[in-house]
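Spelled out from the first residue to the last, the chains are:
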Amino acid sequence: MTPGLFITFEGIDGAGKSSHVDALAQAFRDAGRAVVLTREPGGTPLAEQLRALALNAPMDPLTEALLMFAARRDHLAQVIEPALARGEVVLCDRFTDATFAYQGAGRGFDAGVLGQLERWVQSVDAVPPGELRQPQLTLWFDVPPAVAAARLAGARAPDRFEAQPLAFFERVAGGYAQRAKADPGRFARIDADRPREEVRLQALGAVRARGWLA
Ligand code: TYD
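Here's a quick rundown of the structure. (Residues numbered from 1 in each chain as written. Predicted model: local features only at pLDDT ≥ 70, side-chain atom pairs only at ≥ 80, totals over all residues. Heavy atoms only, no water.)

Of all 5 residues in strand β3 (residues 89–93), 5 are buried, a share of seventy percent or more. Both faces of β3 are covered, namely the face carrying Val89, Leu91 and Asp93 and the face carrying Val90 and Cys92. Two strands pair when backbone bridges link them, and strand β1 (residues 5–10) and β3 are joined in this way by 5 bridges, in the parallel orientation. What sits directly across from Leu5, in β3, is Val89. Bridging between strand β2 (residues 35–39) and β3 involves 5 bridges; their strand directions are parallel. Residue pairing in the sheet places Arg39 in a bridge with Asp93 of β3. (Buried < 20%, exposed > 50% of the residue type's maximum accessible area, 1.4 Å probe, protein only. Helix = DSSP H or I, 4+ residues; strand = E, 2+ residues; numbered from the N terminus. Pairing = 2+ DSSP bridges.)

Structural data, given as structure tokens:
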């Protein structure tokens with residue numbers, strides 16, 4: 001059986017990643033693969049309820065981090081693991097790197113605690129003990145925070161994260177850079193400060209370079 005593929009999409013708000021998730025899904029479908037398109041926080045009825053709370057209700061950083069990981073655990077158990085077991089391609093708009101970037105670097109929450117939560121939540125039956133479920137590839141849409149802010153301005157009513165000042169997104173961007181540096185084999189940096197078609201080709205190129213699309 002074809003092995004499953006787990007690919008995540010990351011970047012600060014306004015990086016423009018979401019349309020590229022759809023484009024890549026189409027490319028995999030055209031190649032005959034079954035694709036599950038999903039997102040975090042969210043992806044299951046329970047996790048979508050947790051998303052609505054996390055994005056809108058005021059709370060302290062630990063509560064926020066716990067909600068993100070609670071949603072993630074449900075999403076892994078109900079959607080991601082079953083799809084990977086069926087040999088499908090899982091394309092997930094954000095995953096744990098977002099927690100390290102937003103709750104860790106952005107909010108200043110303890111990275112050691114986040115790492116412990118990551119170990120608990122991403123220990124799953126299908127991976128050997130001591131290893132964690134991690135994406136095989138993370139497409140990191142990197143864009144200067146000021147450019148992202150300009151793209152978001154006036155787009156719609158901002159949620160708790162989108163309403164943050166530029167300095168917050170500078171820290172989040174730094175958090176992503178740190179995660180990428182710690183795991184360069186998993187990350188592909190996409191220069192998202194380019195015309196949309198060029199960004200699409202960069203994302204496609206990163207997947208092709210791994211031999212997953214012709
Ligand atoms: P986003 O993925 O940007 O969706 P949309 O395009 O519909 O706004 O929104 C999710 C928000 O949640 C985003 O601001 C980042 C934040 N987030 C965290 O703070 N921590 C996390 O672990 C995840 C997955 C997301």
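So, about the nonpolar core. Judged by nonpolar contacts, the single largest core of 45 residues is most densely connected at Ile12, Leu24, Phe28, Leu91, Tyr102, Leu139 and Phe141. Here the element with the most residues in this core is helix α7 (residues 166–182); it accounts for 6 residues. Sequence-distant contacts of Phe141, that is, excluding residues within four places in its chain, are made with Phe9, Glu10, Gly11, Ile12, Ala15, Lys17, His20, Ile190, Ala192, Val199 and Ala203. Ranked by size, the runner-up nonpolar core spans 17 residues in total, among them Phe69, Val79, Phe109 and Val121. (Core = buried A, V, L, I, M, F, W, Y, C linked by side-chain atoms within 4.5 Å. Contact = heavy atoms within 4.5 Å.)

Next up on the list: the packing of aromatic side chains. According to the stated counting rule, one finds 8 aromatic pairs in the structure shown. Residues Tyr102 and Phe169 carry aromatic rings whose centres are separated by 6.4 Å and whose planes lie at 80° to one another, so their mutual orientation is edge-to-face. Highlighted residues: Tyr102 in helix α4 (residues 96–106) and Phe169 in helix α7, separated in sequence by 67 residues. Summarising the aromatic geometry, the rings of Phe168 and Phe169 are spaced 5.3 Å apart at their centres and angled 90° between planes, so their arrangement reads as edge-to-face. In this pair, the class of Phe168 matches that of Phe169, namely buried. One aromatic cluster in this structure is built from Tyr102, Phe161, Phe168, Phe169 and Tyr176. Between Arg72 and the ring centre of Phe69, over which it is positioned, the NZ or CZ distance is 4.9 Å. The side chain of Arg179 reaches across the aromatic face of Phe100, ending 3.8 Å from its centre. (Phe/Tyr/Trp six-rings, centres within 6.5 Å; stacked < 30°, edge-to-face > 60°. Lys NZ or Arg CZ within 6 Å of the ring centre and 35° of its normal.)

Around the ligand there are 16 residues in total, and Asp13, Arg94, Thr99, Gln103 and Arg156 lie nearest to it. Note that an oxygen atom of the ligand is positioned 3.2 Å from one of the side-chain N or O atoms of Arg72. The side chain of Gln103 places a nitrogen or oxygen atom 2.8 Å from a nitrogen atom of the ligand. In the complex, the protein chains occlude 90% of the 550 Å² of accessible area that the ligand would expose alone. Sorting the residues of the shell around the ligand by element identifies α2 (45–56), α3 (61–85) and α4 as the ones contributing at least two each. Top contributing element to the shell around the ligand by residue count: α4, with 4 residues. Its residues placed into classes, the shell around the ligand shows 6 nonpolar, 2 polar and 8 charged. (Near = heavy atom within 4 Å. Polar contact = N/O pair within 3.5 Å; in protein donor to acceptor, adjacent residues only side chain to side chain. Areas by Shrake-Rupley, 256 points an atom, 1.4 Å probe, with all protein chains shown as cover. Nonpolar A, V, L, I, M, F, W, Y, C, P; charged D, E, K, R; others polar.)

Shape is all these values report; function is a separate question.
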